[in-house]
Amino acid sequence: MKLRQLGRSPLQVAPLALGGNVFGWSVDEARSFDLLDAFVDHGFNLIDTADVYEAWVPGNEGGESETIIGNWLARSGKRDKVVIATKVGKWARYPGLSPTNIREAAEDSLRRLRTDRIDLYQSHEDDPKVPLEETLRAFDDLVAAGKVRVVGASNYAATRLKDALDTSAAKGLARYESMQPEYNLMDRQGFEEGLQPLCVNEQVGVISYYSLASGFLSGKYRGEADLGKSKVRGGKVRSYFGERGSRVLDALDNVAGAHGATPAQVALAWVMAQPAIAAAIVSATSVEQLDDIAKSASLVLTTDELATLHTASGS
C-alpha cells in the first residue's frame, strides 16, 4: 500500500480511512473488531473517530466509538500499525475549543482509547468565541507533552483555516496539518472554491468525509422506492435525487463498467485522485462491504474518466 504524507507532518497514511462513526451505533463491538482487523489486513492504517461518537444514539452518552477502538487496540496489539485520529469540540461534555476543554477532553479520549498518544487530534469544528492563539497553544502543549503527535481541523472555512495557519507560523505553534471537509462528487463547491487551493498551497493534507455522499454514490439509491434500504440515510440521500444525481450515477456506471468495478469504488477513486487529498473516509457495516470498498484504493482512473466524472458532477 502506497502511503501519503499528511501535510508537512511525519504521519504517513493510506488513501482510504475507516470511519468510526458507526461503532457502537449500527455496528456492535464484536463486528467493529472484525472490521478493524480486516481494515489493517488490507494494508490501511488511518482510523477516524471523535469523542462525540455516538452520543446521538438513544441510551448512549458519547465516547462509545473511542471505547470500542481502545478495546480493540488492547486486544489486538496493533497500536503501532494504525494512525488514530479523533476530534474535540462538538460533544456537550466538552463543547468548544477553550484550552481547558481541549486538555480535559484529550485526557478523556486517551483513557477511552487506551493509548498513550493520539496520532491526529482535530478540532471538530471552528469555535470563533475562543482566540485562535489560545486554541492552538493548547494543542501545542499537548504535542510538547507527547500526548498528541499532530493536530488538524475539521469543518473550518478557508478564511479561518488560513488565519489559524498564519497564527501558528507567527507564534511558533503546532499547526493544523490536516483538514477534514465534506467532499464527494455530489458535494464539491464548499471544498473546491476556497479550501482546496489553500490546502494545496499550504501543504495541508485533506481527509474527506461523506466520501460516498451518505451512500448515494454506491448506486443503491436511485429513487424514492430505494430509501427503505436504509433507516438513517433517507433524508440526506433524497436531496441528491434529480437530473444532476442521475447524470452522476450514469457516469459512475459507465466508468465502473470499463473497469469491472462498482460505482462506489469509482466514486472513491475519484476523490483519492483529487489535489490535496490524503485519504477518503468510508464507513462499513460488514467485512464483505469493507472488502469491496477496499478495492477503490488500487483503482486508477484515466484522465478522460476523471474528466467525465468532473463534467457529470458539475452544477
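See the structure printed just above.
The text that follows walks through the structure, step by step, so that each part is easy to find. All figures in this text were calculated on a predicted structure; none of them were measured in a lab.

### A closer look at the overall build of the chain
Then comes step 1: For the chain, the helix and strand inventory stands at eleven helices and twelve strands.
Then comes step 2: For the chain, whose C-alpha radius of gyration is 19 Å, the value lies close to the compact-globule estimate of 20 Å for 315 residues.
Then comes step 3: Considered along the principal axes of its C-alpha atoms, the chain spans approximately 50 × 40 × 35 Å.
Then comes step 4: Put simply, the chain has 315 residues, and 57% of those count as buried.
Then comes step 5: Counting only carbon and sulfur atoms, one obtains 48% of the accessible surface of the chain, whose full area is about 13,000 Å².
Then comes step 6: Taking the 35 positively charged and 42 negatively charged side chains of the chain as two groups, their mean positions are separated by 1 Å.

### Topic: the pairing of strand β10 (residues 176–180)
Then comes step 1: Within β10, five of the five residues are buried, which leaves it mostly tucked inside the rest of the structure.
Then comes step 2: Here two bridges tie β10 to strand β11 (residues 205–208), and the two strands are oriented parallel to one another. When the sheet's bridge partners are listed, serine 178 is paired in β11 with glycine 205.
Then comes step 3: Tracing the backbone out of β10, into helix α6 (residues 189–202) and back to the parallel element β11 gives a crossover that is right-handed.

### Thoughts on the packing of helix α2 (residues 64–76) against helix α3 (residues 99–113)
The relative placement of two packed helices is expressed as an angle between their axes plus a distance between the axes.
Then comes step 1: Across the interface, α2 lies against α3 with an axial gap of 7 Å and an inter-helix angle of 45°. When the axes of α2 and α3 are compared, the pair comes out oblique. Of α3, the residues touching α2 (which contributes Glu66, Thr67, Ile69, Gly70 and Leu73) are Ser109, Arg112 and Leu113.
Then comes step 2: For the contact of α2 with α3, the residue count by class is three nonpolar, three polar and two charged.

### Some remarks on the layout of surface pockets
Then comes step 1: As a volume, the second largest pocket reaches approximately 260 Å³.
Then comes step 2: Taken together, 13 residues line the second largest pocket, and the ones lying closest to its centre are Arg4, Pro15, Met272, Ala297 and Leu299.
Then comes step 3: Looking at the lining of the second largest pocket residue by residue, the class counts come to ten nonpolar, one polar and two charged.

### Things to note about the nonpolar core
Then comes step 1: One finds Tyr121, Leu161, Tyr176, Leu217, Leu252, Val266 and Leu309 to be the most contacted residues of the largest nonpolar core, which totals 93 residues.
Then comes step 2: In terms of residue count, the dominant contributor to this core is helix α9 (residues 263–272) (eight residues).
Then comes step 3: With near-sequence residues (within four places) excluded, tyrosine 121 lies in contact with Thr86, Lys87, Val88, Ile102, Ala105, Ala106, Phe139, Leu142, Val148, Val150, Val151 and Gly152.
Then comes step 4: Core analysis: the second largest hydrophobic core is formed by 14 residues, Leu11, Val150, Ala279 and Ile281 among them.

### Observations regarding the packing of aromatic side chains
Any aromatic ring pair is given by two values, namely how distant the centres are and how the planes are angled relative to each other.
Then comes step 1: Enumeration according to the criterion identifies twelve aromatic pairs in this entry.
Then comes step 2: Measuring from ring centre to ring centre gives 5.7 Å for tyrosine 121 and phenylalanine 139, while their planes differ by 85°; the resulting arrangement is edge-to-face. Placement of the pair is tyrosine 121 in strand β8 (residues 118–123) and phenylalanine 139 in helix α4 (residues 132–144), with a sequence separation of 18 residues. Accessibility assignment for this pair places tyrosine 121 and phenylalanine 139 in one class, buried.
Then comes step 3: Three or more aromatic residues link up through ring pairs in this structure, and these residues are Tyr121, Phe139, Tyr156 and Tyr176.

### With respect to the environment of asparagine 71
Then comes step 1: Structurally, the position occupied by asparagine 71 is in helix α2.
Then comes step 2: A C-alpha to C-alpha distance of 26 Å links asparagine 71 and tyrosine 210, two positions 139 residues apart in sequence.
Then comes step 3: With near-sequence residues (within four places) excluded, asparagine 71 lies in contact with Glu29, Phe33 and Arg114.

### Here's the deal with the sheet that holds β8
Then comes step 1: Strand order around the closed barrel formed by eight strands is β3-β4-β5-β8-β9-β10-β11-β12, with parallel pairing between neighbours. When the angles between neighbouring strand axes are averaged without regard to direction, this sheet yields 30°.
Then comes step 2: Inspection of the sheet shows strand β5 (residues 83–88) paired to β8 by four bridges, in the parallel sense. Residue pairing across strands places threonine 86 opposite tyrosine 121, the latter belonging to β8.

### Overview of the side chain of lysine 87
Then comes step 1: Residue position: lysine 87 is located in strand β5.
Then comes step 2: At 2.8 Å, the side chain of lysine 87 forms a polar contact with the side chain of aspartate 48.
Then comes step 3: Engagement of the side chain of lysine 87 in a polar contact is seen with the side chain of tyrosine 53, the distance being 3.3 Å.
Then comes step 4: With sequence-adjacent residues up to four places away left out, lysine 87 is seen in contact with Asp48, Thr49, Ala50, Asp51, Tyr53, Tyr121, Gln122, His124 and Gln180.

Cut-off values and rules
Residues numbered from 1 in each chain as written. Predicted model: local features only at pLDDT ≥ 70, side-chain atom pairs only at ≥ 80, totals over all residues. Heavy atoms only, no water. Helix = DSSP H or I, 4+ residues; strand = E, 2+ residues; numbered from the N terminus. Rg over C-alpha atoms; globule rule 2.2 N^0.38 Å. Buried < 20%, exposed > 50% of the residue type's maximum accessible area, 1.4 Å probe, protein only. Areas by Shrake-Rupley, 256 points an atom, 1.4 Å probe, with all protein chains shown as cover. Lys, Arg positive; Asp, Glu negative; His and termini not counted. Charge placed at Lys NZ, Arg CZ, Asp CG, Glu CD. Pairing = 2+ DSSP bridges. Right-handed = clockwise from strand over helix to strand, strands pointing away. Axes fitted to C-alpha atoms, helices over the stretch in contact; angles between N-to-C directions. Parallel < 35°, antiparallel > 145°, perpendicular 65-115°, else oblique. Contact = heavy atoms within 4.5 Å. Nonpolar A, V, L, I, M, F, W, Y, C, P; charged D, E, K, R; others polar. 1 Å grid on protein atoms, 1.4 Å probe; cavity = no way out; pocket = protein on both sides within 12 Å on 5 of 7 lines; lining within 4 Å. Points joined across faces, edges and corners; volume = space filled by probe spheres on them. Core = buried A, V, L, I, M, F, W, Y, C linked by side-chain atoms within 4.5 Å. Phe/Tyr/Trp six-rings, centres within 6.5 Å; stacked < 30°, edge-to-face > 60°. Polar contact = N/O pair within 3.5 Å; in protein donor to acceptor, adjacent residues only side chain to side chain.

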